[in-house]
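Coordinate analysis (summary)
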Amino acid sequence: MCFDVFHVIFVCMQKILIANWKENPGTLPEAKKLFSGYKKIRFSKGVKVAVCPPVIFLPELVAPKSFALGAQDAFWEDKGAFTGEISPKMLKAVGVRYVIIGHSERRINLGETNKMVARKSRKVLDDGLVPVVCVGEGLPIRKRGIVAAKKFVLTQISKSLAEIQSGESVIVAYEPVWAISTNPGAIPDSPESAVEMIVAIRAELKKLGIKAKVLYGGSVKPENARGFLERKEIDGALVGGASLDPKSFKKIADTIKIKSKNNN
Ligand code: PGA
């Protein structure tokens, strides 16, 4: 952050905002409507945006210049006897540039392991796309204290990025599972405690030699976005619930402006 006036954050480096629609909306016409809401947004130069709809809708949605398309998962093989899987190359062919890997909902509901996340992330990178690798501790671990939570998250980092070489770049999203809006009793993390974890994540990434942008995710909405995005340690946000309303997403994006000569 360079400086801050009138509730707008002026940044020197672009922040990244990723809209994770999850399994929403339920139909193609609704997806097209939501997408056209995004197309109407004039994003400031301070943000780089990617929108991740369900994979089935991707071929029907053409990203404008103002934002990129993303996917919510990809497999580690190009083709073959892998029922239900989609390769990064297939995603690339329909315009995808970013791929969320290892979201907690996949880790929890489908048993996705760090090893699987590592293979998927490697393949996504090999095929010229940007992996957005998700990590984050659940409530039982967090209840044991911050030391236990850090240990868990840093193990996720080293194992999930085990196939990324020193010098390569990825995006990491720290999403404490207990802060994700749809989880029962969810409460957003405070910017201070998110920063504490992200500082530890950055130190681990440095140790591994991996260049990463580190995002925060978990109930980020217009009312609290500024608190997270104004922190220099946080490179952006992965937004779930609030991304289903383009007006809310725009409000989150509008908290950020790039520092230009006129802002001096
Ligand atoms: P949320 O979801 O913003 O609804 O908490 C974030 C995520 O799960 O990626």
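Report on the accompanying structure. Computed from a predicted model, the values in this text were never measured in an experiment.

Some thoughts on the pairing of strand E6 (residues 96-101)
Across the six residues that make up E6, a large majority, five, are buried. The pairing of strand E5 (residues 68-71) with E6 spans three bridges and is classified as parallel. Note that in E6 the partner of Ala-71 across the bridge is Val-99. At this point the chain moves from E5, through helix H2 (residues 88-93), to the parallel E6, and the crossover so formed is right-handed. As judged from the four bridges shared by E6 and strand E7 (residues 130-135), these two strands associate in the parallel manner. In the sheet register, Ile-101 faces E7, and the bridge partner there is Val-133.

Describing the pattern of salt bridges
A full pass over the atoms with the stated rule returns 21 salt bridges. Of the charged contacts, one joins Lys-123 and Asp-78 as a salt bridge, the two residues approaching to 2.7 Å between their closest N and O atoms. Highlighted residues: Lys-123 in helix H4 (residues 114-126) and Asp-78 in the loop between E5 and H2, separated in sequence by 45 residues. In this structure, Lys-89 and Asp-127 form a salt bridge, with 3.1 Å as the shortest nitrogen-oxygen distance.

Examining the packing of aromatic side chains
Tallied over the full model, the rule gives 11 aromatic pairs. Ring plane angle 75 degrees and centroid distance 5.3 Å describe the contact between Phe-35 and Phe-67, whose orientation is recorded as edge-to-face. Taken together, the residues Phe-35 in helix H1 (residues 28-39) and Phe-67 in the loop between strand E4 (47-52) and E5 connect sequence positions 32 residues apart. Pair check on accessibility: Phe-35 and Phe-67 agree, each one buried. When the ring of Phe-75 is compared with that of Phe-82, the centres are 5.1 Å apart and the planes differ by 45 degrees; the resulting orientation is tilted. Its relative accessible area of 33% is what places Phe-82 among the partly exposed residues. By way of ring pairs, the aromatic residues Trp-21, Phe-35, Tyr-38, Phe-43, Phe-67 and Phe-249 are connected into one cluster.

What about helix H6 (residues 146-160)?
For H6, which comprises 15 residues, the first-to-last C-alpha distance of 20 Å matches the rise-based estimate of 21 Å (1.5 Å per residue) to within 8%. Next to the buried residues of H6 lie helix H3 (104-110), H4, E7, helix H5 (139-143), strand E8 (169-174) and helix H7 (191-208).

Observations concerning the pairing of strand E10 (residues 236-239)
Alternating positions in E10 separate into two faces, Gly-236 and Leu-238 on one and Ala-237 and Val-239 on the other, with burial throughout. The pairing of strand E3 (residues 15-20) with E10 spans four bridges and is parallel. Across the sheet, Ala-19 pairs through a bridge with Val-239, a residue of E10. Looking at chain direction, strand E9 (residues 211-217) and E10 are connected through two bridges and run parallel. Bridging across to E10, Tyr-216 finds its partner in Ala-237.

What counts, and where the lines are drawn
Residues numbered from 1 in each chain as written. Predicted model: local features only at pLDDT ≥ 70, side-chain atom pairs only at ≥ 80, totals over all residues. Heavy atoms only, no water. Buried < 20%, exposed > 50% of the residue type's maximum accessible area, 1.4 Å probe, protein only. Helix = DSSP H or I, 4+ residues; strand = E, 2+ residues; numbered from the N terminus. Pairing = 2+ DSSP bridges. Right-handed = clockwise from strand over helix to strand, strands pointing away. Salt bridge = Lys/Arg side-chain N within 4 Å of Asp/Glu carboxyl O. Phe/Tyr/Trp six-rings, centres within 6.5 Å; stacked < 30°, edge-to-face > 60°. Expected span 1.5 Å × (residues − 1). Contact = heavy atoms within 4.5 Å.

From the geometry alone we can't say anything about function, so treat these as descriptive.
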